[in-house]
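Remarks on the overall topology
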Amino acid sequence: MSNKKRNLIERLNSGPVICAEGFLFEIEKRGYMASGEFVPMVSLENPKALENLHRDFQHSGSDIVQAFTYNGHREKMRVIGKEELLEPLNRAALKIAKKVATSPLGEEQNLMAGNISNSNIWNQEDKKSQLEVEKMFREMVGWAVDEGADILIGETFYYAEEAYAALKVMKETGLPSVITIAPYGENIMRDGVSILDTCKELEQRGGDVVGMNCHRGPDTMMPYLREVKKVLKCHVAALPITYRTNKDHPTFFNLPDNNGCTCKTPHETTFPTALDPMQCNRYEIRKFAKEAFQLGINYIGVCCGATPMLIREVAEAVGLKVPASRYRENMENHYMYGKNKRIPKHIKDYRSKA
Ligand SMILES: [Zn+2]
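Reference entry: report on the structure contained in this document. (Residues numbered from 1 in each chain as written. Predicted model: local features only at pLDDT ≥ 70, side-chain atom pairs only at ≥ 80, totals over all residues. Heavy atoms only, no water.)

**Side note on the pattern of salt bridges**
Going by this rule: The term salt bridge refers to a pairing of a side-chain nitrogen on Lys or Arg with a carboxyl oxygen on Asp or Glu at a separation within 4 Å. The helix and strand labels rest on DSSP assignments: H or I over at least four residues marks a helix, E over at least two residues marks a strand, and numbering proceeds from the N terminus. Working definition: with a 1.4 Å probe on protein chains only, accessible area under 20% of the residue-type maximum means buried, over 50% means exposed, and in between means partly exposed.
As enumerated under the stated definition, the model contains 29 salt bridges in all. The salt bridge partner of Asp 146 is Arg 91, with a shortest N-O separation of 2.9 Å. You can see Asp 146 sitting in helix H7 (residues 127-146) and its partner Arg 91 sitting in helix H6 (residues 86-101), a full 55 residues away along the chain. On the accessibility criterion, Asp 146 (55% relative accessible area) is exposed. Among the ionic contacts, a cluster of salt bridges with common partners joins Arg 74, Glu 75, Arg 78, Glu 83, Glu 132 and Glu 139.

In structure tokens, the structure reads:
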């Protein structure tokens, strides 16, 4: 086991740090989670599948192994009637993440991150709901510290005040805290605070890394990141989804399929089961990562829609070489589109008719 391990801020001060998120979508696609319900039972029911996903992201360059506890909070466990599995689920997810983080492919250990997120019961008018959420955060953060988390990530918050509450609880531990928000299509937090003001406030309240994740693809996240980066002095985080959101549809929740869909989803939106045709290609993700890095954003990753291939793309976009770089595209040897001199001329010449 490698012992070398710089802390998050040391790493960010010296260069890019890659973070794979988006476990929910990818584990669902791999067949280990029900879409819509989205409870990360995988850590208990198919731990090997979760470990494999972490390993695949690690192989593609993720420096952070984020415990898959998204939605693994008390309220969600109540919804599915399995509250008694809350702590086992959290601890199992944290242990798997720790195992992967402490057996890196390179010389340096990865950072294991504990994770809390949007509770979906936060109500700005109801103090009781807020205290309930804070309690949920505190128990999850407690388990994360117990299991040896190196950092804490609070993510996908669409209420500013809920993000502040998450940060407060994370900061009580003294661990480095990453806090990212995910505003909906109205381009403002649900409690009326602007995106920029929320980020400014999170920095004021001691967030070590502040930024945005989820809900928005590259094109509708980048304009806000530019603003945020101009104003914040702390490190900034950028983790978009991998879908082509646009001005009319800034998030993936109401993204229509205008791409020749012949078979509609049984529910009202393409989210979350029929987003595939709106997927960004790898060059779009690369372009986003490159621009973010050029702005001075060093904490870069991908949220929903992330695949190991896209994490590699992000890592390479900021100048890193990762284990999976060995398998980056090599069209040179393609049987028809390649330029390799062994490729027969009659095959090459047919390329435009293929
Ligand atoms: Zn996401």
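On we go.
**Some details on the pairing of strand S8 (residues 299-302)**
Worth spelling out the cut-off: Two strands qualify as a pair provided that DSSP identifies no fewer than 2 bridges between them.
In S8, alternate side chains face the same way, and those of Tyr 299 and Gly 301 on one face and Ile 300 and Val 302 on the other are all buried. Direction of pairing for strand S1 (residues 17-20) relative to S8: parallel, over a ladder of four bridges. Residue pairing in the sheet places Cys 19 in a bridge with Gly 301 of S8. When strand S7 (residues 235-239) meets S8, the two strands line up parallel, connected through two bridges.

**Details of the side chain of Asn 298**
Note the following rule: Any pair of N or O atoms that falls within 3.5 Å is considered a polar contact. Within protein, one atom must be able to donate a hydrogen and the other to accept it, and sequence-neighbouring residues count only if both atoms are side-chain atoms. Whether two residues are in contact is decided by their heavy atoms: any pair within 4.5 Å suffices.
Position of Asn 298 among the secondary structure elements: in the loop between helix H11 (282-295) and S8. A polar side-chain atom of Asn 298 sits 3.2 Å from the main-chain carbonyl oxygen of Gly 15. With residues up to four places along the chain from it excluded, the contact list for Asn 298 reads Leu 12, Gly 15, Pro 16, Val 17, His 235, Val 236 and Phe 293.

**Section: the coordination of the zinc ion**
Just so we agree on the cut-off: The donor set covers N, O and S atoms within 2.8 Å of the metal, switching to 3.2 Å for Na, K and Ca, and it leaves out water, so a site may look short of donors.
Within the protein, the atoms that donate to the zinc ion are Cys 214 (SG), Cys 303 (SG) and Cys 304 (SG), at distances of 2.2 Å. Positions of the donor residues of the zinc ion along the chain correspond to the pattern C-x88-C-C. Here Cys 214 is found in the loop between strand S6 (209-213) and helix H10 (218-231), whereas its partner Cys 303 is found in the loop between S8 and helix H12 (308-317), with 89 residues between them in sequence. With respect to burial, Cys 214 and Cys 303 carry one shared label: buried.

**With respect to H12**
Most of H12 is tucked away: nine of the ten residues are buried. Among the residues making up H12, those that are buried are Pro 308, Leu 310, Ile 311, Arg 312, Glu 313, Val 314, Ala 315, Glu 316 and Ala 317. For H12, the elements touching its buried residues are S1, helix H4 (47-59), H11 and S8. Once H12 ends, the next one or two residues include Gly 319, with phi positive near 90°.

Just geometry here; none of it tells us what the structure is for.
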